Number of protein chains: 2
Amino acid sequence: MRVNIQRIQRDIENLSSFNATPGKGVTRLAFTKEDREAREYIKNQMEKIGLEIYEDGYGNLFGRKYGKDRELPSVMVGSHYDTVINGGPFDGMAGLVTGLEIARYLVEEGIEHENTLEVVAFNDEEGVRFGNGISNSRAMTGDMKEEELDNTFDKNGISLRKAMEDYGIKPDLEAAKVKEGSIKAFFELHIEQGPVLIGNNNEVGIVQTIVGLDRYDIRFIGKAGHAGTTPMNNRKDALLPAAEFALELNRIAIDAGYGAVGTVGEMKILPNASNVIPGYVQISVDIRATKEEVINNIHQEMNKLIDSLKEKHPVEIQVRKTLYISPVNMSEEICTILENKAEELGIKYEKMNSGAGHDAMMMARIAPTSLVFVPSKDGLSHHPEEWTDYEDLAKGIELILSGVLELIG
Amino acid sequence: MRVNIQRIQRDIENLSSFNATPGKGVTRLAFTKEDREAREYIKNQMEKIGLEIYEDGYGNLFGRKYGKDRELPSVMVGSHYDTVINGGPFDGMAGLVTGLEIARYLVEEGIEHENTLEVVAFNDEEGVRFGNGISNSRAMTGDMKEEELDNTFDKNGISLRKAMEDYGIKPDLEAAKVKEGSIKAFFELHIEQGPVLIGNNNEVGIVQTIVGLDRYDIRFIGKAGHAGTTPMNNRKDALLPAAEFALELNRIAIDAGYGAVGTVGEMKILPNASNVIPGYVQISVDIRATKEEVINNIHQEMNKLIDSLKEKHPVEIQVRKTLYISPVNMSEEICTILENKAEELGIKYEKMNSGAGHDAMMMARIAPTSLVFVPSKDGLSHHPEEWTDYEDLAKGIELILSGVLELIG
């Protein structure tokens, strides 16, 4: 392999050390002390490699290895370095380290290229502190607005703008926006965060589409009553339609096919006492699919289900949409390049979709984008035991290196 | 009517004033300042009426109007004066006030009788402070044990024995036990705490049986996973079998008939996040029926259901029985007397069952016992808005007065 496993491992381990919860997974929220330490480490590595450091109007950190023709659009590789609370060492960092390792290889081997290579370190992808997420790549696409900086607060009431200013970044959204046509290709490597690659015994996943997301909050309003003294035919049990909904949504998602998923993950029951009939139940609904048409079909089935539940149960049902994000396709051209490269390198790959959102989802708006998955042990992530074998990570980096070499001219 | 609505209302209102949460329902937990104030009020009323006050080895408070023959077994009327947190003014107190009002009537009218009338004020029926309940009537039947006094604690770690001693009662369980054959009849009036009487437009319910209670805690152990990245065919969603259980238990209880009820009232979901598949769900199961045979049938159906859920869902299911109480029949003889009296008095009554436990459930072990329900507005109880119209309450008291006069000789 051209890439160096020891260096990759060292980067991942060093980045893990900038951590607010040692021994309990990695915690590095945006614009904190740990963020600053990790950022300094990344800058140091970029400098050591010989990259030119640049920070944009939103604090995105770039390390540039210029090509012969600086006017040509750049080839960009990277991901985010923030984490969830008690997260793992790979989510985000694996993609950032991919950029660093590819730059090191190009420098060490003295490879000349026409286009500029840019390693990018995004921040605040997880959105844990301010509840928004993928903020830095959104700033690059122009999706971030001034209002959001002022109207988004952490749990201590500090606004996003104030946190950034305290950290030393004076946000300039206009300056952060990427010029049209200035990025030739964006590559992100990410851990799968699911069980598919390991289940299929594959080493790499080449993502075709990042799923769209349709979220609802549904409230079932019945009437609480004594579990002993209220006859069965005189009840308005809010749990029953909620339970039927959860079961039916599962069936609808399976029937929809195309890898669509539907989940009731959150449920609040009132008064939640063993001897009281539930008077109120609130659930979250999370629907994801790679095609807008499939999401729409599931939504229609869900509406029919709600109508039938209203007929069947003497309970009021309120449905509120809380989020909608369209599916995003990755660049077919780059996907094809990577598939060919994987064949050449003898890397066992599969074409797959991403069930989670990533910075690549935003970057696809402004550049031909590719997302490559490496296996997650037990499908775990956002968890202290999140793990990817370094051999697997190196194979993913090797594949992206091939893609970069193909495109960088 | 022979009983006096104004006096009844005054007693209920006065008792409501001994309250730890004015404006937020009535809160009077056992062995507190409010308990002591209410107890003093009850003693004062008993003295005013001319009853002889007696306290047993567990602090049960009796007011006696002796009959001509003190050797004959007594006719006892009463209920409890403790409440839940933020409860209502009638639960318990209605039955105690019944005893006081009947005693007043006998004294005022100069009615002579062979057997002694005893008005009883139980305490700690709700079991809120120590988590056990119907403690005082249990002491009278011999069901209360020394260990329970020492091993039962309130949330501040004070044992039941210590709380009683601090209150001024030195528990003597042997002395509290009622001598066999010393009670000819026990009458308890209670609010229905359900919607049946009002639904049927009846004034009084003559309880035939207090239902048996079968309680379980069921745990569904699946596996948490990312709601976006875990395919439908690779999930161990703990919510699905729990939801199916709740729906099927409802059907089983309806199919069982005989007024049986089955309720899933409590549900705990982990991790309970909109984008995570539930990995663990714990539910409470509450089954009640008037016949042991019906409870057993429901339990068997529940076991079959659990087996089929285990086959259908890749989730571990653990079932733990948490409580079993057999159904308790009221005295057929006294029921018949009350039915005849209701006819004579023109009181619209129905024979019904009690879905909740009461002191009468324990008293039935040591005496022919009768439980009479009066209507609860909206079926509400254990709630600040718990309400029974005084006219309805007076009719229930009138009926019990007739029963007492029939039996007191």
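Source: prediction; values computed, not measured.

Rules used in this analysis
Residues numbered from 1 in each chain as written. Chains lettered and ligands numbered in written order. Predicted model: local features only at pLDDT ≥ 70, side-chain atom pairs only at ≥ 80, totals over all residues. Heavy atoms only, no water. Least-squares fit on C-alpha atoms with pLDDT ≥ 70 in both. Contact = heavy atoms within 4.5 Å. Buried area = accessible area lost by both parts, 1.4 Å probe. Polar contact = N/O pair within 3.5 Å; in protein donor to acceptor, adjacent residues only side chain to side chain. Helix = DSSP H or I, 4+ residues; strand = E, 2+ residues; numbered from the N terminus. Salt bridge = Lys/Arg side-chain N within 4 Å of Asp/Glu carboxyl O. Buried < 20%, exposed > 50% of the residue type's maximum accessible area, 1.4 Å probe, protein only. Expected span 1.5 Å × (residues − 1). Phe/Tyr/Trp six-rings, centres within 6.5 Å; stacked < 30°, edge-to-face > 60°. Lys NZ or Arg CZ within 6 Å of the ring centre and 35° of its normal.

A. Examining the relation of the copies chain A and chain B more closely. Of the transformation placing chain A onto chain B, the axial shift is 0.0 Å and the rotation is 180°, giving an RMSD of 0.0 Å. What the superposition gives is, in effect, a two-fold axis relating one chain to the other. Ranked by how close their C-alpha atoms come to the rotation axis, the residues of chain A are headed by Ala243 of chain A, at 2.2 Å.

B. The arrangement of the interface of chain A and chain B in detail. Taken together, the contact pairs 47 residues of chain A with 47 residues of chain B. Approximately 3,900 Å² of surface area, both sides summed, lies buried where chain A meets chain B, with 62% of it carried by carbon and sulfur atoms. At the boundary of chain A and chain B, one finds ten residue pairs in polar contact (both at pLDDT 80 or more). Residue assignment for the side of chain A that touches chain B shows that the elements contributing at least two residues are helix H9 (239-256), strand S9 (261-263), strand S10 (267-270), strand S11 (276-277) and strand S12 (280-289) of chain A.

C. Molecular detail of the pattern of salt bridges. Counted by the stated rule, this structure contains 64 salt bridges over all chains. Between Arg39 of chain A and Glu55 of chain A there is a salt bridge; the shortest N-O distance is 2.8 Å. On the criterion of sequence distance, the pair formed by Arg39 of chain A in helix H2 (residues 33-49) and Glu55 of chain A in strand S1 (residues 52-55) is long-range, its members being 16 residues apart. Residue Arg39 of chain A is classed as buried on the basis of its relative accessible area of 4%. Across the salt bridge formed by Asp166 of chain B and Lys162 of chain B, the nearest N and O atoms sit 2.9 Å from each other. Of this pair, Asp166 of chain B and Lys162 of chain B are both found in helix H6 (residues 160-167), four residues apart, which corresponds to roughly one turn of the helix.

D. How the structure looks around helix H13 (residues 390-407) of chain A. Compared with the 26 Å implied by 1.5 Å per residue over 18 residues, the 26 Å span of H13 of chain A between its first and last C-alpha is a close match. Counted residue by residue, H13 of chain A has 14 buried out of 18 residues, so it is predominantly covered.

E. Just the packing of aromatic side chains, in detail. Residues and elements named next belong to chain A. Taken as a whole, this structure holds 14 aromatic pairs over all chains when the rule is applied. One aromatic cluster is present, built from ring pairs that chain together Phe90, Trp387 and Tyr390. Against the face of Tyr167 rests Arg36, its NZ or CZ located 4.6 Å from the ring centre. The residue whose ring lies beneath Arg64 is Tyr54, and the NZ or CZ to ring-centre distance is 4.4 Å.

F. Representation of the environment of Arg70 of chain A. Residue and element names in this part refer to chain A. Considering the arrangement of structural elements, one finds Arg70 in the loop between strand S2 (61-65) and strand S3 (74-80). Residue Arg70 is classed as exposed on the basis of its relative accessible area, which comes to 54%. C-alpha of Arg70 to C-alpha of Tyr41: the two residues are 29 residues apart in sequence and 27 Å apart in space.

All we've got here are geometric facts, nothing functional implied.
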